[in-house]
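Here's the letter readout for the chains.
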Amino acid sequence: MNKKSIRDVDVKGKRVFCRVDFNVPMKDGVITDETRIVAALPTIQYLIENGAKVILASHLGRPKGQAVEEMRLTPVAKRLGELLGKDVKKTDEAYGPAVEAEVNSLQEGDVLLLENVRFYAGEEKNDAELAKEFAKLADLFVNDAFGAAHRAHASTAGIADYIPAVSGFLMEKELEVLGKALSNPDRPFTAIIGGAKVKDKIGVIRHLLDKVDNLIIGGGLAYTFVKAQGHEVGKSLLEADKIDLANEFMALAKEKGVNFYMPVDVVVADDFSETANKKVVSIEEIPSDWEALDIGPKTREIYADVIRNSKLVVWNGPMGVFELNAFAEGTKAVAQALADSPDTYSVIGGGDSAAAVEKFGLADKMSHISTGGGASLEFMEGKELPGVTRLNDK
Ligand SMILES: Nc1ncnc2c1ncn2[C@@H]1O[C@H](COP(=O)(O)OP(=O)(O)OP(=O)(O)O)[C@@H](O)[C@H]1O
Ligand SMILES: O=C(O)[C@H](O)COP(=O)(O)O
């Protein structure tokens, strides 16, 4: 990467505003997945060990510019303190006189977590005044929030206009792994795209067709392609206005010599529930009153075979409604094939795919699980990430 990292600057005695992505899932004030906190630890520990005064900032959820009690970062400060084995102070605001007083009292190696930066309307507007307030707190900006790098906000981008800006280790690692996967991929290179957000993922498919040897389509996304092939999809997820695009992509794949894999059989259900009646049908036979909620056993075998014969696999989006055990088998088969292929470098992107791999107990078998959902997709689409472009060049 041609951007400076914390290794390139002296942090001793400096007040460091470190943007992290502590946007973790919470239920009743309890953190249900701490992956993003753990992933930020190397940078925080480095700053502590090298004598920085560490000021951490993050968003949590989408509070839309106002303080929302359930979206305070207090439980995160507590958990971070436990993980670091040291006291983590927390302010009830993200800037202003009270925060400045706390910052002034920091000793080298101390850690302070600011309140949710999205409690202020200026954050998502990338308001210059708010960015200046953040900048006033520190001598150096470290951006380690890869998960929010696709957002041009005051704490991810704007602040870099006022103080020196460098990347943290997580940011660096994510960019390196995803960058290598796309610029100099080991082959055969396979991309697996699933999930439900057809609109969000269509763009990445176009870009991937220039890169990959195999493209596997699954999840709710698949049925727009199935329809484009002229088959009925019953009540399955369908993005009617994307059918033409799906056709275009299938033609493009042929033209570029990309092997395009679609489900040949599916599990259909008469209801979106764990106890629904379900059956396996071929892709030409989805009944009009039924909904396809998972890929079928023949498809699983074909996909697993492609995975086993790949050197690099990038996976974003589950193959079915894996949250319901009745429709988790397709996603599990893909995760298992990756786990059983030690020579295949696997990159998992997207919150739900990562959660699925975790649910099946296979997370430690994957080569890289990205902390970015939208960010990893935008990166793969070839879009510039504002949280990265604003960092100082080497
Ligand atoms: N056949 C299907 N019909 C309906 N929903 C599906 C189907 N297959 C998968 N899904 C749903 O897709 C959702 C995940 O889609 P999504 O596009 O959000 O993926 P993701 O990996 O989490 O990406 P991101 O992190 O960008 O959100 C899951 O909740 C899953 O139940
Ligand atoms: O969860 C994420 O993908 C990041 O934290 C960004 O969150 P956002 O989509 O609310 O900007």
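Computed from a prediction, not measured in an experiment: that's the story for all the values here. (Residues numbered from 1 in each chain as written. Chains lettered and ligands numbered in written order. Predicted model: local features only at pLDDT ≥ 70, side-chain atom pairs only at ≥ 80, totals over all residues. Heavy atoms only, no water.)

If you check the shell around ligand 2, you find Asp 21, Asn 23, Arg 36, His 59, Arg 62, Arg 118, Gly 147 and Arg 151 and nothing else. A total of 310 Å² of accessible area belongs to ligand 2 in isolation, and the protein chains cover 85% of it. Of the residues contributing to the shell around ligand 2, the split by class is no nonpolar, 3 polar and 5 charged. (Near = heavy atom within 4 Å. Areas by Shrake-Rupley, 256 points an atom, 1.4 Å probe, with all protein chains shown as cover. Nonpolar A, V, L, I, M, F, W, Y, C, P; charged D, E, K, R; others polar.)

Counting residues in each nonpolar core, the largest one holds 52 residues, and the members touching the most others are Ile 205, Leu 215 and Phe 225. Element by element, the count of residues in this core is highest for helix α9 (residues 243-256), at 7 residues. Every residue in contact with Leu 215, bar those within four places of it in the chain, is listed here: Ala 191, Ile 193, Ile 205, Leu 209, Val 258, Asn 259, Phe 260 and Tyr 261. Of all hydrophobic cores here, the second largest spans 30 residues; its members include Ile 31, Leu 47, Ile 48 and Leu 80. (Core = buried A, V, L, I, M, F, W, Y, C linked by side-chain atoms within 4.5 Å. Buried < 20%, exposed > 50% of the residue type's maximum accessible area, 1.4 Å probe, protein only. Helix = DSSP H or I, 4+ residues; strand = E, 2+ residues; numbered from the N terminus. Contact = heavy atoms within 4.5 Å.)

As a further point, take the UniProt feature "binding site: (2R)-3-phosphoglycerate" (unreviewed entry) in the chain. According to UniProt, the feature "binding site: (2R)-3-phosphoglycerate" (unreviewed entry) maps to Arg 36, Arg 118 and Arg 151 in the numbering used here. Mapping Arg 36 onto the fold places it in helix α1 (residues 35-49). Those residues in contact with Arg 36 that sit more than four places away from it in its chain are Asp 21, Phe 22, Asn 23, Val 24, Gly 147, Thr 371, Gly 372 and Gly 373. Here Asp 21 takes part through its side chain, which lies 3.4 Å from a polar atom of the side chain of Arg 36. According to the relative accessible area criterion, Arg 118 is buried, its value standing at 5%. Apart from residues lying up to four places away in sequence, Arg 118 is in contact with His 59, Gly 61, Arg 62, Pro 63, Lys 64, Gly 65, Gln 66, Glu 123, Glu 124, Arg 151 and His 153. A distance of 3.2 Å separates a polar atom in the side chain of Arg 118 from the backbone oxygen of Gly 61. (UniProt positions renumbered as here; feature names shortened; annotations may be inferred. Polar contact = N/O pair within 3.5 Å; in protein donor to acceptor, adjacent residues only side chain to side chain.)

What follows covers the UniProt feature "binding site: ATP" (unreviewed entry) in the chain. The positions that UniProt labels "binding site: ATP" (unreviewed entry) are, in the present scheme, Lys 201, Glu 323, Gly 350, Gly 351, Asp 352 and Ser 353. Here Asp 352 shows up in helix α12 (residues 351-359). On the accessibility criterion, Asp 352 (42% relative accessible area) is partly exposed. Mapped onto the fold, Ser 353 is located in helix α12. Residues contacting Ser 353, with those up to four places away along its chain left out, are Trp 315, Asn 316, Gly 317, Pro 318 and Ile 348. Separated by 3.3 Å, the side chain of Ser 353 and the backbone oxygen of Gly 349 make a polar contact.

Let's shift gears to the site of ligand 1. Every one of the 20 residues lining ligand 1 counts as a neighbour, but Lys 197, Lys 201, Glu 323, Gly 351 and Asp 352 are closest to it. Within the side chain of Lys 201, one N or O atom sits 2.9 Å away from an oxygen atom of ligand 1. Calculation on ligand 1 without its partners gives an accessible area of 640 Å², and the protein chains cover 88% of this total. Those elements giving two or more residues to the shell around ligand 1 turn out to be β14 (291-295) and α12. Across the shell around ligand 1, the residue classes break down as 6 nonpolar, 10 polar and 4 charged.

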